[in-house]
Amino acid sequence: MKFLSKDKYTRALSEQIINAEIQPDEGIWMSIRHMFRVNRAALLGLILIALMVLMAVFAPLITRYDPNEMDLMVMNEPPSAEHWFGTDDLGQDVFTRVVYGGRISLMIGFVPSLISLVLGTALGLMAGYMGRHVDNVIMRLADVVLAFPSLLLAMVVMYTLGSSILNMFIALSIINWAGTARVVRAQTLSLKEKEFVEAARSMGVSRWAIAFRHILPNCLPNLIVLFTLDIPAAIMWESSMSFLGVGDPNAASWGLMVSQGKDYAYMCPWLILAPGLAILLTVMAFNFLGDGLRDAIDPYMKT
Amino acid sequence: MAKHIAKRILITIPVLLGLVFLVFFMLNVVPGDPVTVMMREHVKEDLIDRMRQSMHLDDPFIVRYFRYIWDMLHGDLGISWKLNRPVTGLIANAFPYTLKLAVASSLFSWIMGIPVGIISAVKKNSLLDHLSMGISLFGVSMPVFWVALILQNTFKNVLPISGADSWQCYILPTIVLGWSSAGRIARLTRSNLLDVLRSDYIRTARSKGLSPLKVINRHALKNALIPVITVMAIQISSLLSGAAITESVFAMPGVGGLAVEAIKKRDMPLLQGTVIFTAVLIIAGNLLADVLYSVIDPRIRVE
Amino acid sequence: MSNILEIKNLCVSFASDGVKERAMAVSGVSLAVPEGKTVGLVGESGCGKSVTSLSVMGLLSDNGRVESGEALFGGQDLLRLSDREMRRIRGNRISMIFQEPMTSLNPVITVGKQVSEALRLHGGMDAKAAKARTIEIFEKVGIPEAERRFKSYPHQLSGGLRQRVMIGMAMVMRPALLIADEPTTALDVSIEAQILRLMRDLQRDTGTSILLITHNLGVVAEMCDEVYVMYAGEVVERANVTTLFDTCAHPYTRGLMASLPRMTPKGQRLYNIRGTVPNLRAMPSGCRFSPRCEFATEMCRGEKPELNDLGGGHLCRCFYPKDDERPLGGIDR
């Protein structure tokens, strides 16, 4: 948590990459493994994430209720042995809805982060490689995106495209690619001039083959960190937008569940506590993991 | 140093223009005719045509963009479709509430965050350190709207939970909004101070025979807190976008609430105005922090 | 002649993340600094020489711990003093110069203020008197335009000037003992000579004893009266400087000497000691140098040699000290 915004973090990281004499090497995987041994929080994060993913994938095996099945006999019931997290105003089982909501919230974490990873890497490589005008256009666009308050930008995109889960993916990808592009560009610039890359080029290896064989592997550690930290941010943004009524009204994510439960919150606190705690745990798990990875990678970036 | 500041300001201008362009582009390719949105049904054809003309909707996009910029520079952000009043006036009325909230929650987060961060660094690995870092991690990982709902329902009978009529109305929103920044500031202060305490010049200060208190006070704090100042800028950013959620939960008539309303009611000029206004504030905040940083840090100051 | 500092049997251990066992960085080091003399402490990086000096100052990092031993200074055991008592000695009776003049000065405080701080703390001076005295000492350590430099920040000074500031800071209270930890390693050779000369001049004026830590034998030859050679946390040889350069006895010291360019006849390849410093957690049994020693025998690998007196205070930790029958590099080249 050393940097408070992605703008600052990726800018500092890029400077570090460009100024670094030593490039990261295989030692990183060793130090990540060591990190998991020493940093209990990161290990806990990893385990929690694995559990969440398993829960989302095997949702039907975990709960015997259907998330949309209404039972008007048990409306707004407090937690019990029958309904672990109680029921909502339509008599739906809250635990079941949290488990199934995890499918949506985790997907919203992973998919846009993956899209922006690929997009940002491609644009960053292009900017670093082609230089000049291409570089200028891409990087100034990245500056604008990073200067923008993410939530507002995502809301503007949702306003333009309309509220659906697909558009949510697009909106979150639009706000996330820029940081990745900045870091990949820095790595490309710093490696482009290195001897082994020049040697490869002089032997007639094509530019894109060099990019894939030499430059991308060197970006990998930083990309993993950015990806890990993008996921909780995306989950947060989606839940905030769903809460504000800008998300997909049919995708029952955790954020939407809190929003739907807010009017009953005083009488039936479990309606907002259960999905809110799910968000909290997930975000925290990813932050633990991401911070740990960043610390493990950091020493290799120092000159 | 004047040169440094001037350079910073010059860099900001294209970012600003790009940002306005991005927002304008996204909001003006929206399918759907604004006039029908405004007039609803049962309006005569010629009236619609006259409206279109008076709003210059048939002009090419680029002409409309420059007209918007021109008007914006003259303080005119257009007319709200739904409220039928100038957007500039609406924002001017709402901004004092947002400003008060932002200032109060910034103060809250500094008063909470900085001392906690210092104590945690000095008493590293103590129970107090683990406890406060755990709590601040919670603070960072909790969705703002969720904290807002929980506080609202907990203090329902003690404090006002909506509106902005008295100073008591600000208590809960301030805590909600300041909470996560306080966590970030505490973590940042701690990690900076720990870095500084490991440095060679702290060893030199100790070798002079200074007491631990003096070492921290005279030699460590200044170095550690300089980066925290940049937080201010990012804080404004997260506060202003966080304000959208907080204001809408606590029904405060601020700019953030205005933006959320604009999205829900599909009021394009209002959304455009609020988003651009907020983004400009954030960029200005970043600029201010950069300038402040260079004034405070002697390493930059003298160059 | 009495000793200003006497370290006896010092053992220091370090903890590191994720490993239970503590590593012994210094095991049983004894050394003495006679009054008014300069004593060199020589060895490769990681041999424990800096750790020894930091323990004496009470400045070990959090993960380091003094396990046993004493450090007698003016009748007091520094290792047993309370933090408060130690602070009265630090920067006052004993002061220290560090290797990196760039990072050892606080970047956001003017150098003048950093030097006068010690005067105000230990000398009880007010700001004005401390400033006057600081400018005086700046002039003494050869900082041009001392008055103007008082207000400079460290990054505005060259490496050599910064190290002069460090020396000024250390000498301002006229300490009885100065510990200099690689004071010239980060500097250019020409600046190095100036700084060494400055230290010698100051010593002559003030009578301060110096414990000079270095890996550079050239600096030792120029500065020191007596030398201790450390290897893997132990003292392996001690001699006065002429003895050491004429007839060093330990194979490690002989290796160090042979790897000096000017000690090797022209045209002959420079010697280097094969292998690397042993891991602190996996010390060889027997003589710690035996895995790298050309002359090591079964006895060396199995038994630990003591520090024996070869006569005249020349100590050496070796079963076969100074064996001229077997010239260095005779085997395995």
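Residues numbered from 1 in each chain as written. Chains lettered and ligands numbered in written order. Predicted model: local features only at pLDDT ≥ 70, side-chain atom pairs only at ≥ 80, totals over all residues.

A.B. asks: Residue-level account of the overall build of chain A, with values.
C.D. replies: Secondary structure summary: chain A contains twelve helices and zero strands in total. Listing every helix and strand of chain A by position from the N terminus yields α-α-α-α-α-α-α-α-α-α-α-α. Summarising its shape, the C-alpha atoms of chain A cover approximately 75 × 45 × 30 Å along the three principal directions. Counting all 303 residues of chain A, 51% fall into the buried class. Here the analysis covers contacts within chain A between residues at least 6 apart in sequence; of these, 72% occur between residues at least 24 apart. (Helix = DSSP H or I, 4+ residues; strand = E, 2+ residues; numbered from the N terminus. Buried ≥ 20, exposed ≤ 12 C-beta atoms within 10 Å, placed from the backbone. Contact = placed C-beta atoms within 7 Å.)

A.B. asks: Tell me about the overall build of chain C, residues and numbers included.
C.D. replies: Broken down by element type, chain C carries eleven helices and twelve strands. The C-alpha radius of gyration computed for chain C amounts to 21 Å, which stays within 12% of the reference 20 Å derived for 333 residues, consistent with globular compactness. Counting only C-alpha atoms, chain C reaches 65 × 50 × 45 Å along its principal axes. Out of the 333 residues belonging to chain C, those deemed buried represent 44%. Look at the contacts in chain C between residues 6 or more apart in sequence, and 64% of them connect residues 24 or more apart. (Rg over C-alpha atoms; globule rule 2.2 N^0.38 Å.)

A.B. asks: Kindly report on the interface of chain A and chain B, identifying the contributing residues and their values.
C.D. replies: Contacts between the two partners involve 37 residues from chain A and, on the opposite side, 44 residues from chain B. Of all elements in the fold, only helix H6 (132-147), helix H7 (150-161), helix H10 (207-244) and helix H12 (270-301) of chain A reach the threshold of two or more residues within the side of chain A that touches chain B. In terms of residue class, the side of chain A that touches chain B is built from 25 nonpolar, seven polar and five charged. (Nonpolar A, V, L, I, M, F, W, Y, C, P; charged D, E, K, R; others polar.)

A.B. asks: So what about the confidence of the model for chain C? Which residues, and what values?
C.D. replies: Averaged over chain C, the pLDDT score is 85; the fraction of residues at 70 or greater is 93%. Of the two predicted TM-score estimates for the complex, the pTM is 0.78 and the ipTM is 0.83. (pLDDT = per-residue confidence, 0-100.)

A.B. asks: Can you lay out the domain arrangement of chain C for me, pointing to particular residues and giving the numbers?
C.D. replies: Residue and element names in this part refer to chain C. According to the domain assignment, chain C contains domain 1 (3-230) and domain 2 (232-330). Placing a centre on the C-alpha atoms of domain 1 and another on those of domain 2 gives a separation of 28 Å. Of all the secondary structure elements, the ones that give two or more residues to the side of domain 1 that touches domain 2 are strand S2 (19-34), helix H8 (217-223) and strand S9 (226-231). Looking at the side of domain 1 that touches domain 2 element by element, the count peaks at ten residues for S2. (Domains from an automatic or database assignment.)

A.B. asks: So what's going on with the environment of Ile296(B)? Which residues, and what values?
C.D. replies: Residues and elements named next belong to chain B. Relative to the elements of secondary structure, Ile296 occurs in helix H12 (residues 268-296). Note on Ile296: 14 C-beta atoms within 10 Å, which makes it partly exposed. Taking the C-alpha atoms as reference points, Ile296 and Ile226, separated by 70 residues in sequence, lie 7.2 Å from one another. Once you skip the residues sitting within four places of it in the chain, Ile296 turns out to touch Ile226 and Ile229.

A.B. asks: Summarise the sheet that holds strand S7 (residues 177-181) of chain C; cite the residues concerned and give the values.
C.D. replies: All names here are of chain C. Read across the sheet, eight strands follow the order S6-S7-S8-S3-S9-S10-S12-S11 without closing on themselves; strand pairing throughout is mixed. Taken across any chain shown, the strands that pair with only one partner, and hence form the sheet edges, are strand S6 (94-97) and strand S11 (308-309). Strands in contact with helix H1 (residues 49-57) are strand S3 (38-42), S6, S7, strand S8 (209-214) and S9; relative to S7, the strand with the most contacts, it is inclined by about 145°. (Pairing = 2+ DSSP bridges. Axes fitted to C-alpha atoms, helices over the stretch in contact; angles between N-to-C directions.)

A.B. asks: Explain helix H9 (residues 200-207) of chain B to me, using residue names and the numbers behind them.
C.D. replies: Residue and element names in this part refer to chain B. With six of its eight residues buried, H9 lies for the most part within the structure. Listed as buried for H9 are Tyr201, Ile202, Thr204, Ala205, Arg206 and Ser207. A positive backbone phi angle near 95° is found at Gly209, which sits one or two residues after H9.

A.B. asks: Residue-level account of the environment of Asp225(C), with values.
C.D. replies: One can find Asp225(C) in the loop between H8 and S9. Put simply, Asp225(C) and Val236(C) are eleven residues apart on the chain and 18 Å apart in space, counted from C-alpha to C-alpha.

A.B. asks: So what's going on with the sheet that holds strand S4 (residues 64-73) of chain C? Which residues, and what values?
C.D. replies: Residue and element names in this part refer to chain C. The antiparallel open sheet is built from four strands, whose spatial order is S2-S1-S4-S5. Here the strands that pair on one side only, and so sit at the sheet edges, are S2 and strand S5 (76-77). The pairing of strand S1 (residues 3-16) with S2 spans ten bridges and is antiparallel. Bridging across to S2, Phe14 finds its partner in Ala23.

A.B. asks: Tell me about the packing of H7(A) against helix H8 (residues 165-192) of chain A, and please be specific about residues and values.
C.D. replies: Residue and element names in this part refer to chain A. In the contact formed by H7 and H8, the axes pass within 9 Å of each other and the chain directions differ by 140°. Once H7 is placed against H8, the crossing between them reads as right-handed. Contact residues: Ser150, Leu153, Ala154, Val157, Met158 and Leu161 in H7; Asn167, Met168, Ile170, Ala171, Leu172, Ile174 and Ile175 in H8. Residues belonging to the contact of H7 with H8 are distributed by class as follows: eleven nonpolar, two polar and no charged. (Left-handed = near helix turned anticlockwise from the far one by under 90°.)

A.B. asks: Provide a residue-level description of the nonpolar core, including the pertinent values.
C.D. replies: Of all hydrophobic cores here, the largest spans 153 residues; its most connected members are Ala154(A), Met155(A), Ala148(B) and Ala259(B). A total of 17 residues in this core trace back to one element, the largest contributor, which is H10(A). Excluding residues that lie within four positions of it along the chain, Ala148(B) makes contacts with Val176(B), Ile245(B), Thr246(B), Val249(B) and Phe250(B). The next biggest cluster of nonpolar side chains, apart from the first, holds 100 residues, and it includes Leu210(B), Leu211(C), Leu280(C) and Leu315(C). (Core = buried A, V, L, I, M, F, W, Y, C linked by C-beta atoms within 7 Å.)

A.B. asks: I'd love a proper account of unusual backbone geometry, names of residues and values included.
C.D. replies: All names here are of chain B. Positive phi outside glycine occurs at Asn84, with the angle close to 55°. Asn84 gets classed as exposed once you count the C-beta atoms within 10 Å, which come to 8. Even without being glycine, Asn125 reaches a positive phi, approximately 70°. You can see Asn125 is positioned in the loop between helix H5 (87-122) and helix H6 (127-141). You can call Asn125 exposed: it has 9 C-beta atoms within 10 Å.

A.B. asks: Account for the pairing of S4(C), with residues named and values stated.
C.D. replies: Residues and elements named next belong to chain C. Relative to S4, S1 runs antiparallel, the two sharing eight bridges. Bridge pairing in S4 places Lys8 opposite Glu70. Of the strand pairs in this sheet, S4 and S5 are connected by two bridges, and their pairing is antiparallel. Bridged to Phe73 within S5 is Gln76.

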